[in-house]
Amino acid sequence: GGVSWGTVTVIDCRQGEALILTCGHIFRDSAGKGRVEVDLFGPRGPRGVAGQVVSWDLKRDLALVSIFTDAPLEAVRVGGADCSTPVGAAVVTVGCNGGADPTIHRSRITAVDKYLGPANLQVAGQPVQGRSGGGLFAIDGTLIGVCNAADPADNEGLFAALPAIHEQLEESGLAFVYRNVY
């Protein structure tokens, strides 16, 4: 009966089907069973594309959604097991503040695995509502995290890190996405 907004990142696309990565908490109230609509930004990007939840996990705060579209989509590269994310590294976050068009914020990693639980990164600058699920990228454009929380006390954002993303993909039988094995 409610509406949740979030940002997604296309991580694989082939034969008209795209796999997108986002945060899991936007599916908490619907238990992953509610209607999913995805707006694709870019030249003539379609809006309201029907999506289907492939998997979601509240502990990792990650979700995978599948959409079908004729729109040409380019997937980002998901960092592999050898991708390092040191404290101080420059990063870029992409998100849709309150459902608006996406914006880019430049930042840096301030902590790695600061919190207990799944692998996480803390990044300078508190994200606003709607940026949840947005990608965290290394300077070379490689996806290294997914936004899932704001820490107002430290004015920082919390992101699911690559090991958690890899686990989500592996459990869904989609490890080829980050292993680059087709």
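Residues numbered from 1 in each chain as written. Predicted model: local features only at pLDDT ≥ 70, side-chain atom pairs only at ≥ 80, totals over all residues. Heavy atoms only, no water.

Peer 1: Would you mind going over the overall build of the protein with me for this structure?
Peer 2: Summing up its helical and strand segments, the protein has 2 helices and 11 strands in all. Reading the protein from its N terminus to its C terminus gives the helix and strand order β-β-β-β-β-β-β-β-β-β-β-α-α. Expressed along its principal axes, the backbone C-alpha trace of the protein runs to roughly 40 × 40 × 30 Å. The proportion of buried residues among the 182 residues of the protein is 46%. (Helix = DSSP H or I, 4+ residues; strand = E, 2+ residues; numbered from the N terminus. Buried < 20%, exposed > 50% of the residue type's maximum accessible area, 1.4 Å probe, protein only.)

Peer 1: Sorry, what's going on with the nonpolar core here?
Peer 2: Residues Ile11, Leu21, Val78, Ile165 and Leu169 are the most contacted members of the largest nonpolar core, which totals 29 residues. Put simply, the parts of the chain that give this core at least two residues each are β2 (17–22), β5 (62–68), β8 (120–124), β9 (135–138), β10 (143–151), β11 (156–161), α1 (162–171) and α2 (176–179). Setting aside residues up to four positions removed in sequence, Leu21 forms contacts with Thr7, Val8, Thr9, Ile11, Leu62, Ala63, Leu64, Gly133, Leu143, Val146 and Ile165. Membership of the second largest hydrophobic core comes to 14 residues, among which are Val10, Ile20, Ile26 and Ile67. (Core = buried A, V, L, I, M, F, W, Y, C linked by side-chain atoms within 4.5 Å. Contact = heavy atoms within 4.5 Å.)

Peer 1: What exactly am I supposed to notice about the environment of Ala100 here?
Peer 2: With respect to the helices, strands and loops of the structure, Ala100 is situated in the loop between β6 (90–95) and β7 (103–112). Among the residues examined, Ala100 registers a relative accessible area of 39% and is labelled partly exposed. Sequence separation between Ala100 and Pro72 is 28 residues; the distance between their C-alpha atoms is 21 Å.

Peer 1: Would you mind showing me how to read the sheet that holds β8 here?
Peer 2: Working definition: the strands of a sheet are paired by backbone hydrogen bonds and lie parallel or antiparallel to each other. Taken in spatial order, the 6 strands line up as β6-β7-β8-β11-β10-β9 and close into a barrel, and their pairing is antiparallel. Going across the sheet, the axis of each strand differs from the next one's by a mean of 45°, ignoring polarity. Sheet analysis places β7 next to β8, joined by 3 bridges and oriented antiparallel. Bridge pairing in β8 places Ala111 opposite Gln122. (Pairing = 2+ DSSP bridges. Axes fitted to C-alpha atoms, helices over the stretch in contact; angles between N-to-C directions.)

Peer 1: When you look at the pattern of salt bridges in this model, what are you seeing that I'm missing?
Peer 2: Side chains that differ in charge, positive against negative, can pair when their charged atoms come close. By the definition in use, this model includes 7 salt bridges. For Arg35, the salt bridge goes to Glu37, with nearest N and O atoms at 3.1 Å. The exposed category is assigned to Arg35, whose relative accessible area is 75%. Classification of Glu37 by relative accessible area gives partly exposed; the value is 48%. For Glu171, the salt bridge goes to Arg60, with nearest N and O atoms at 2.6 Å. In this pair, Glu171 is assigned in helix α1 and Arg60 in the loop between β4 (49–57) and β5, connecting sequence segments 111 residues apart. Residue Arg60 is classed as buried on the basis of its relative accessible area of 9%. Via salt bridges that share partners, Asp57, Arg60, Glu167 and Glu171 belong to a single interconnected network. (Salt bridge = Lys/Arg side-chain N within 4 Å of Asp/Glu carboxyl O.)

Peer 1: Quick question: what am I supposed to make of the side chain of Thr22 here?
Peer 2: Structurally, the position occupied by Thr22 is in strand β2. With relative accessibility at 1%, the residue Thr22 sits in the buried group. Sequence-distant contacts of Thr22, that is, excluding residues within four places in its chain, are made with Thr7, Val8, Phe27, Asp61, Leu62, Ala63, Ser132, Gly133 and Val146.

Peer 1: What is the right way to read the sheet that holds strand β3 (residues 36–38) from this model?
Peer 2: The 5 strands lie next to each other as β1-β2-β5-β4-β3, forming an open sheet whose pairing is antiparallel. The open sheet terminates on both sides in strands that have one partner only, identified here as β1 (9–14) and β3. Taken over all neighbouring pairs, the strand axes of this sheet differ in orientation by 35° on average, direction set aside. Of the pairings in the sheet, the one linking β2 to β5 comprises 6 bridges and is antiparallel in character. When the sheet's bridge partners are listed, Ala18 is paired in β5 with Ile67. Docked against the sheet, α1 engages β1, β2, β4 and β5, running at close to 55° with respect to β5.

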